[in-house]
Amino acid sequence: MYTFSSKLKTFSFVLMILGAIGIGIGFMAAPKTIEDVEKLLADSHHGHEAAHVDKVAPHATEAHVVADTVKAVEAHVADSTHTVAHSTTVDSTAHVEDTTAVVAVAEAPAHADNHDTHAKADAHSHDDHKAHLEHVLHQLQNKPWAALYVACIFFMLISVGVLAFYAIQYAAQAGWSPILFRVMEGITAYLLPGSIIFFVLLVAAGMHYNHLFVWMDPEVVNPESVKFDKLIFLKKGWLNVGRFLATAAIILVVWNYVRFKFVKNSIAQDTAEDNAPYKRNFKLAAFFLVFFIVSESIMSWDWVMSVDPHWYSTLFGWYVFASFFVSGITVIAMITLYLKSKGYLENVNTSHIHDLAKFMFGISIFWTYLWFSQFMLIWYSNIPEEVTYFVTRIEHYKLPFFGMLAMNFIFPLLILINTDFKRLTWIVVMAGIVILCGHYIDFFNMIMPATVGDQWFIGIPEIGALMFFLGLFIFVVFTALTKAPLVPKGNPLIEESKHFHY
């Protein structure tokens, strides 16, 4: 039986406490009113404006001197005109006065029209400025919510990816992997608390506590509103809060139920006199994989792609799957290596680690294939409503966009392509850390541009959310590992797994 290290447990609590503080700071620091946003924008532009004033000041001085000279000349001309005016006859003066009066009367309506036009322009400009400030306010208020959302969905989907990998091993009746089943079962234990927190975030979005999903705003589907969006209106049969939350609830409940039955049957097999529990898991795996492939696609549309409701990709479900699937396999490898370093899982050998590293390498290449296929087709077709997705990310998220490509493709390719490197603990751990960081940034790139626009940076809220969910993940997973023996001794393929060498 595994014993949860007191140091690791303390470390997980420290992460959660510091993370919770960081999340709280993020929410408290977010602006509350348009006036707060105006002040923030003014402060951010203050340095630029000061430099601009310093640059313009000499020209302003010269203009002031010229203006004074012009005024002096105008005064001299006025005096000359005044002298000439007194030398004219009274009749001429009267005629001029009459003419001036007529012109003044004729010009009065024109001046009034110009005044109305300027007033309307000023009002329109004020409305535009106010709308811009409100937009920036929503983006800045979204920032802590989006940071929380990205970290929450990332760690939850890691456990889902491990659950899918676990089901694949049962369905394929794989002989190499049963020695790792309890590690997989421990990681999937995070699915329950992760699902609860995630569903609370979805409900909060549906109750308009944030603006993560713009289509949830009732004004955008109201034809009488100035915010009316015809494209979203045409999608309201799918994009509506009731259907969204109901679908999420069904998916999360089924995933958690399947996970519960998997673990129950696996533990029952340890003391069973026949293979009935194993056969039940085999049938359950077949059902789950069919349900999973459908629910995962729906999940990726609802929870990720719908933050950009005008954009869609038919490849997106596979792309999201590849991202969290390789992350899940990476976590299996890293926790297995940690347990082995502490004296557990003595039957795990370099051949098991090599196979896990092969999956890390292979799914990384698969992810790159999907990324390039999606990017290349959209870039080549150059359809405005499609290409805007990548234009936004390349213009405003250049570092994370191309950085995660290097971390998720170039680094695993160079490090894990060597077959001998796949057996080295420090290589696998280093590659795993880079892959996990890269796929967190991948989810960051999927969520942030649509929710916070160009108001992004990885600061206290983002780091705090990561720390909190990492601490919770460590605590839940390693607590679950203490609940059952690390070796599923009743599994009919366990002996083959123990003696797996090549």
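Since the structure is predicted, the reported quantities are computational estimates derived from the model, not experimental observations. (Residues numbered from 1 in each chain as written. Predicted model: local features only at pLDDT ≥ 70, side-chain atom pairs only at ≥ 80, totals over all residues. Heavy atoms only, no water.)

1. Describing the overall build of the protein chain
Counting secondary structure elements, the protein chain contains 15 helices and zero strands. Counting across all 502 residues of the protein chain, residues that qualify as buried make up 45%. The contacts of the protein chain with a sequence gap of at least 6 include a subset with a gap of at least 24, amounting to 84%. (Helix = DSSP H or I, 4+ residues; strand = E, 2+ residues; numbered from the N terminus. Buried < 20%, exposed > 50% of the residue type's maximum accessible area, 1.4 Å probe, protein only. Contact = heavy atoms within 4.5 Å.)

2. A word on the environment of histidine 499
Positionally, histidine 499 belongs in the segment after α15 (494-498). Sequence separation between histidine 499 and valine 348 is 151 residues, and the spatial gap between their C-alpha atoms is 9.0 Å.

3. Let's talk about the nonpolar core
Membership of the largest hydrophobic core comes to 135 residues, with the highest contact counts inside it found for Tyr149, Trp255, Trp303 and Phe478. Tallying contributions element by element places helix α3 (residues 90-172) first for this core, with 22 residues. Discounting residues that sit within four places of it in the chain, tyrosine 149 has contacts with Phe198, Leu201, Leu202, Leu212, Phe213, Trp303 and Ile447. (Core = buried A, V, L, I, M, F, W, Y, C linked by side-chain atoms within 4.5 Å.)

4. With respect to unusual backbone geometry
For glutamine 173, which is not glycine, the phi torsion reads 50° and is therefore positive. One can find glutamine 173 in the loop between α3 and α4 (181-188). Among the residues examined, glutamine 173 registers a relative accessible area of 44% and is labelled partly exposed. You will see that asparagine 382, though not glycine, has its phi angle at about 55°, which is positive. Along the chain, asparagine 382 falls in the loop between α10 (350-381) and α11 (384-396).

5. Examining the packing of α11 against helix α13 (residues 425-452)
Packing of α11 against α13 leaves a shortest axis separation of 10 Å and a crossing angle of 95°. The orientation of α11 relative to α13 falls into the category roughly perpendicular. Listed contacts from α13 to Tyr389, Thr392 and Arg393 of α11 are Asn445, Met446 and Pro449. For the contact of α11 with α13, the residue count by class is three nonpolar, two polar and one charged. (Axes fitted to C-alpha atoms, helices over the stretch in contact; angles between N-to-C directions. Parallel < 35°, antiparallel > 145°, perpendicular 65-115°, else oblique. Nonpolar A, V, L, I, M, F, W, Y, C, P; charged D, E, K, R; others polar.)

6. Topic: helix α1 (residues 6-29)
An ideal rise of 1.5 Å per residue puts 34 Å on 24 residues; α1 measures up with 34 Å between its terminal C-alpha atoms. Two or three places before lysine 7, at the opening of α1, serine 5 has a side-chain oxygen 3.3 Å from that residue's backbone nitrogen. (Expected span 1.5 Å × (residues − 1). Polar contact = N/O pair within 3.5 Å; in protein donor to acceptor, adjacent residues only side chain to side chain.)

7. Structural notes on the packing of aromatic side chains
Applying the stated criterion across every chain yields a total of 59 aromatic pairs. Ring geometry for tyrosine 397 versus tryptophan 456: centroids 4.9 Å apart, planes at 15°, classification stacked. Here tryptophan 456 lies in the loop between α13 and α14 (460-481) and tyrosine 397 lies in the loop between α11 and α12 (398-416), a separation of 59 residues in the sequence. Residue class for tyrosine 397 comes out buried when judged on its relative accessible area of 0%. The ring of phenylalanine 457 has lysine 143 lying over it, and the distance from NZ or CZ to the ring centre is 3.8 Å. (Phe/Tyr/Trp six-rings, centres within 6.5 Å; stacked < 30°, edge-to-face > 60°. Lys NZ or Arg CZ within 6 Å of the ring centre and 35° of its normal.)

8. Details of the environment of valine 150
Within the secondary structure, valine 150 is located in helix α3. In this structure the C-alpha to C-alpha distance between valine 150 and valine 304, which are 154 residues apart in sequence, comes to 9.5 Å. Contact partners of valine 150, with chain neighbours within four places excluded, come to Tyr440, Phe443, Phe444, Ile447 and Met448.

9. Looking at the environment of asparagine 347
Take asparagine 347: it is sitting in the loop between α9 (316-341) and α10. Sequence spacing of asparagine 347 and valine 487 is 140 residues, and the spatial spacing of their C-alpha atoms is 9.0 Å. Residue contacts for asparagine 347: discarding those within four places in its chain leaves Ile179, His352 and Lys498.

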